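Working through the structure, step by step
Spelled out, the chains give:
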Amino acid sequence: MTGIVDWVKNYSMVVLFMTVLTSVAAKKEYKKYIQIFVEIILVIALINPIFQAAGKSEDLFEKISYDSFWQGLAGIKMDQEKIDFLNEDSYIGYYEKAIGEDVKLLAENSGYGVIGVEVTLNESFEIETMELTVAKQEVEAIIVGRVDNQTETAEIAALREKLSAYYQMDADRISIIY
């Protein structure tokens, strides 16, 4: 019973102090912020006995810190997995596929149908070689293997220069088979 009387006394003192604080506010603009602060303090003062009945408040904070520790540990594990993924060759392969799709779009916008694209990157993620197999979009072409000894047309040379300028690489590292 004395615990309840003590709580009522303490709560009454908090309410009295917060009422004085609210009425002393200097400007009307600050009153709404002070009122929110006062309401939060009153709710905490009202709920505090429930925390004490459920267990010591220090135990609650220990449990919260324990949970946050394990969440942080899980976050570190996820970060480590991301770092491991970045260090793997699969990341280079993923990047090569993305560049291949981009090259395919550039060639299609130039009026060519793309049969195949192969891009190789070095460890610094710079393009080493680019091999592109294309055909004019109006013409249905079936290419099995590699066609050699064909002279390069002006359109193919323009596509090679476009790719070279876009990726800022030497044109001789770009192979276009048509």
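Residues numbered from 1 in each chain as written. Predicted model: local features only at pLDDT ≥ 70, side-chain atom pairs only at ≥ 80, totals over all residues. Heavy atoms only, no water.

A word on the overall build of the protein. Helix and strand counts for the protein stand at five helices and three strands. The N-to-C order of helical and strand elements in the protein reads α-α-α-α-β-β-α-β. For the protein, the proportion of its 178 residues judged to be buried stands at 19%. For the protein, the share of sequence-separated contacts (at least 6 apart) that also reach a separation of at least 24 residues comes to 52%. Just so you have it, the protein exposes about 13500 Å², and 59% of that area is on carbon and sulfur atoms. (Helix = DSSP H or I, 4+ residues; strand = E, 2+ residues; numbered from the N terminus. Buried < 20%, exposed > 50% of the residue type's maximum accessible area, 1.4 Å probe, protein only. Contact = heavy atoms within 4.5 Å. Areas by Shrake-Rupley, 256 points an atom, 1.4 Å probe, with all protein chains shown as cover.)

Time to look at helix α5 (residues 154–167). If you check α5, its first and last C-alpha atoms are 20 Å apart, about what 14 residues at 1.5 Å a residue would give, namely 20 Å. Of all the residues in α5, the buried ones are Ile156, Leu159, Arg160, Leu163, Ser164 and Tyr167. Seen from one end, α5 has its buried residues packed into an arc of 135°, which puts them on one side. Turned more than 90 degrees from where α5 packs its buried face, Ala154 and Ala165 sit exposed. Once α5 finishes, Gln168 follows within two positions and takes phi at roughly 50°, a positive value. (Expected span 1.5 Å × (residues − 1). Arc of directions from axis to C-beta.)

A few words on a nonpolar patch on the surface. Where nonpolar side chains cluster on the molecular surface, the patch consists of Val43, Leu46, Ile47, Ile50 and Phe51 and spans about 430 Å² of accessible area. Mapped onto the elements, Leu46 comes out in helix α2 (residues 28–54). (Patch = residues over 30% accessible without salt bridge, like charges linked within 9 Å, V, L, I, M, F, W, Y side chains within 5 Å. Salt bridge = Lys/Arg side-chain N within 4 Å of Asp/Glu carboxyl O.)

To continue, consider the sheet that holds strand β2 (residues 127–136). With mixed pairing, three strands are arranged side by side in an open sheet as β1-β2-β3. Strands with a single pairing partner mark the edges of an open sheet, and in this sheet they are β1 (112–121) and β3 (174–177). With strand direction ignored, the average angle separating the axes of adjacent strands in the sheet is 15°. Note that β1 and β2 share nine bridges and pair antiparallel. In the sheet register, Tyr112 faces β2, and the bridge partner there is Lys136. Running over the sheet, α5 touches β1, β2 and β3 and is turned about 150° from β3. (Pairing = 2+ DSSP bridges. Axes fitted to C-alpha atoms, helices over the stretch in contact; angles between N-to-C directions.)

Describing an aromatic ring pair means giving the distance of the ring centres and the angle of the ring planes. In this structure the tally under the stated criterion is one aromatic pair. Ring centres of Tyr166 and Tyr167 lie 4.8 Å apart, and the angle between their planes is 85°; this geometry places the pair in the edge-to-face category. Residue classification places Tyr166 among the partly exposed residues on the basis of a relative accessible area of 48%. On the accessibility criterion, Tyr167 (17% relative accessible area) is buried. (Phe/Tyr/Trp six-rings, centres within 6.5 Å; stacked < 30°, edge-to-face > 60°.)

Interpretation note: all reported values are geometric properties and have no functional meaning in isolation.
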